[in-house]
Structures are given as structure tokens and as C-alpha cells.
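If you want the building blocks of each chain, they are given just below.
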Amino acid sequence: MKSARILLAALALGAATTPALAAGDWKFLPIADKGYAPNFVASVTGGIMDPQHVGSGDAWGLELAFNCDLVQTPTGVVRTKLSVNKFDKAGLDLTTVELNPRWTIPVAKDLTFGIGPGIGWVKADSGRNVDMFARQAGADLDYRVGQLNLGLGARWQDTVNKNVGGGREGADNWLVQAKVGIAF
């Protein structure tokens, strides 16, 4: 079941990025270009995390998003999203640190949709402290009103299975969240 979800996410990401791969010129190290603008957005996030082994509950965090300074596609914009999230319920305390690049395209005026993979680090405490590597896939919808940024995001996180205590293996989870941020 887990492998099927990962395969489905990978296929969806591949299909979504096909137009960007097929046309135009890729730009490497756009940070070196005159006039490069990272378009930073700092956000507070809140939502629901649904980890394996316990029921879903509140998750809170911070996110910093910016235009990727390593590569840009011919269409859309690659946005890098760095985030930290916190979850604590039923004896399972999770802290995630994530790096999620998103291929982002405009949907309407001031509205963008982004999709992409990610990597992360998860600290789980459920009777013992365990650090785990994570891989993930997700999508975001962002709406900009002047400097105010409003967003919705969802991602699946697959942790490397380790005993996190209490007979629990791994800390795979879903996260659905809302974001309120300021662009600077």
C-alpha cells in the first residue's frame, strides 16, 4: 500500500512536470543573473497532521519560500519551501524540518499552483528519541494580495522506518495546512 502511494505520487509529479521538461531553455544558477529576485515569503502555518500509529491532530509551523537560485524551468517558477512543523498527540511528538521544491504555475491573477517532491528530517519522541530521514511529495495553492500571501498545502511524508517506541515503526504522515505570510 505504501509503495503504491509513493508510485502514484511520483507518476502524478512526472505527468505534471512534462510540459516544463519539453519546451524552452532551462536556466541554471539564476542567482547569478542581473536582476535576480528571490521573492521571499515568510509564513505561519497551521493545519492537521495524520501520522500512522495515532489519530490526526493539530500541527503548527513556519515556512520560508523563495525562488530557487539553482535552477528554473522554461515555464513556471521553481519555488523552494523550507519549513518546520510541530505535532504532539497521544504520546507521539513529531518535529519535521523539510525542503520542498515546487514547480509553480499561475492559475489566475495572483493565484499559483505548485507541485513537487521534497526531503526532510523527522525527530520523533514516543518514549524514545529517534531521528529519521523522510521523502515526500506535495502540492500548494498560493494567493497573493499585495504583500499578504494566503496559501493551502498538502503533502505525504514517508519516513525511514525506525522503532519510535511503544512498538511503533516509522512516523509516516499526511499534512494539510493553511498558510498566512508576508512577501518581502
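Whatever comes next refers back to the structure up there.
Residues numbered from 1 in each chain as written. Predicted model: local features only at pLDDT ≥ 70, side-chain atom pairs only at ≥ 80, totals over all residues. Heavy atoms only, no water.

1. Describing the layout of surface pockets
Within this model, the largest pocket holds a volume of roughly 360 Å³. Lining the largest pocket are 24 residues, and of these Arg-79, Thr-104, Thr-112, Asp-142 and Arg-144 sit closest to its centre. For the lining of the largest pocket, the secondary structure elements donating two or more residues are strand E2 (41–51), strand E3 (57–67), strand E5 (77–89), strand E6 (92–108), strand E7 (111–125) and strand E8 (129–145). Broken down by class, the residue content of the lining of the largest pocket amounts to nine nonpolar, eight polar and seven charged. (1 Å grid on protein atoms, 1.4 Å probe; cavity = no way out; pocket = protein on both sides within 12 Å on 5 of 7 lines; lining within 4 Å. Points joined across faces, edges and corners; volume = space filled by probe spheres on them. Helix = DSSP H or I, 4+ residues; strand = E, 2+ residues; numbered from the N terminus. Nonpolar A, V, L, I, M, F, W, Y, C, P; charged D, E, K, R; others polar.)

2. Overview of the pattern of salt bridges
A complete count under the given rule lists ten salt bridges for this structure. Linking Arg-135 and Asp-158 is a salt bridge whose minimum nitrogen-to-oxygen distance equals 2.7 Å. Taken together, the residues Arg-135 in strand E8 and Asp-158 in strand E9 (residues 148–159) connect sequence positions 23 residues apart. Beyond isolated ion pairs, a larger network of salt bridges with shared partners links Glu-63, Lys-81, Arg-102, Asp-140, Asp-142 and Lys-179. (Salt bridge = Lys/Arg side-chain N within 4 Å of Asp/Glu carboxyl O.)

3. Some details on the sheet that holds E6
Spatial strand order, E2-E3-E5-E6-E7-E8-E9-E12: eight strands in a closed barrel with antiparallel pairing. Taken pair by pair, the neighbouring strands of this sheet meet at an average axis angle of 25°, ignoring direction. With ten bridges joining them, E9 and strand E12 (residues 173–183) adopt antiparallel strand pairing. Looking at the pairing, Arg-155 lines up with Leu-175 of E12. (Pairing = 2+ DSSP bridges. Axes fitted to C-alpha atoms, helices over the stretch in contact; angles between N-to-C directions.)

4. What to know about empty space enclosed by the protein
One pass over the structure, following the stated rule, counts one cavity of 30 Å³ or more. The space that makes up the largest cavity amounts to roughly 80 Å³. Around the largest cavity sit 13 residues that line it, and Glu-63, Asn-100, Arg-102, Asp-140 and Gln-177 are the ones nearest its centre. For the lining of the largest cavity, the secondary-structure elements that each account for two or more residues are E5, E6, E9 and E12. A class-by-class count of the residues in the lining of the largest cavity yields two nonpolar, four polar and seven charged.

5. What to know about the packing of aromatic side chains
In the structure shown here, the tally under the stated rule is three aromatic pairs. Seen from their ring centres, Phe-40 and Phe-184 are 5.7 Å apart, and the 15° between their planes marks the pair as stacked. One end of the pair, Phe-40, is in the loop between strand E1 (27–28) and E2; the other, Phe-184, is in the segment after E12, with 144 residues separating them in the sequence. Looking at Phe-40, the relative accessible area reads 28%, which means it is partly exposed. Centre to centre, the rings of Trp-156 and Trp-174 are 5.5 Å apart; their planes meet at 50°, and the pair counts as tilted. Here the residue Trp-156 occupies a position in strand E9, and Trp-174 occupies one in strand E12, the gap between them amounting to 18 residues. Relative accessible area serves as the criterion here: at 10%, Trp-156 is assigned to the buried category. (Phe/Tyr/Trp six-rings, centres within 6.5 Å; stacked < 30°, edge-to-face > 60°. Buried < 20%, exposed > 50% of the residue type's maximum accessible area, 1.4 Å probe, protein only.)

6. Points about the environment of Leu-99
One can find Leu-99 in strand E6. Separated by 20 residues in sequence, Leu-99 and Ile-119 have C-alpha atoms that sit 5.5 Å apart. Leaving out residues up to four positions away in the same chain, Leu-99 has contacts with Thr-80, Lys-81, Leu-82, Gly-118, Ile-119 and Gln-136. (Contact = heavy atoms within 4.5 Å.)

7. A short note on unusual backbone geometry
Excluding glycine, residues mostly have negative phi values, and the peptide bonds linking residues are mostly trans. Its identity is not glycine, yet His-53 carries a phi of approximately 85°, on the positive side. Looking at the secondary structure, you find His-53 in the loop between E2 and E3. For Asp-110, which is not glycine, the phi torsion reads 65° and is therefore positive. Residue position: Asp-110 is located in the loop between E6 and E7. Under the relative-accessibility criterion, Asp-110 is labelled partly exposed at 39%.

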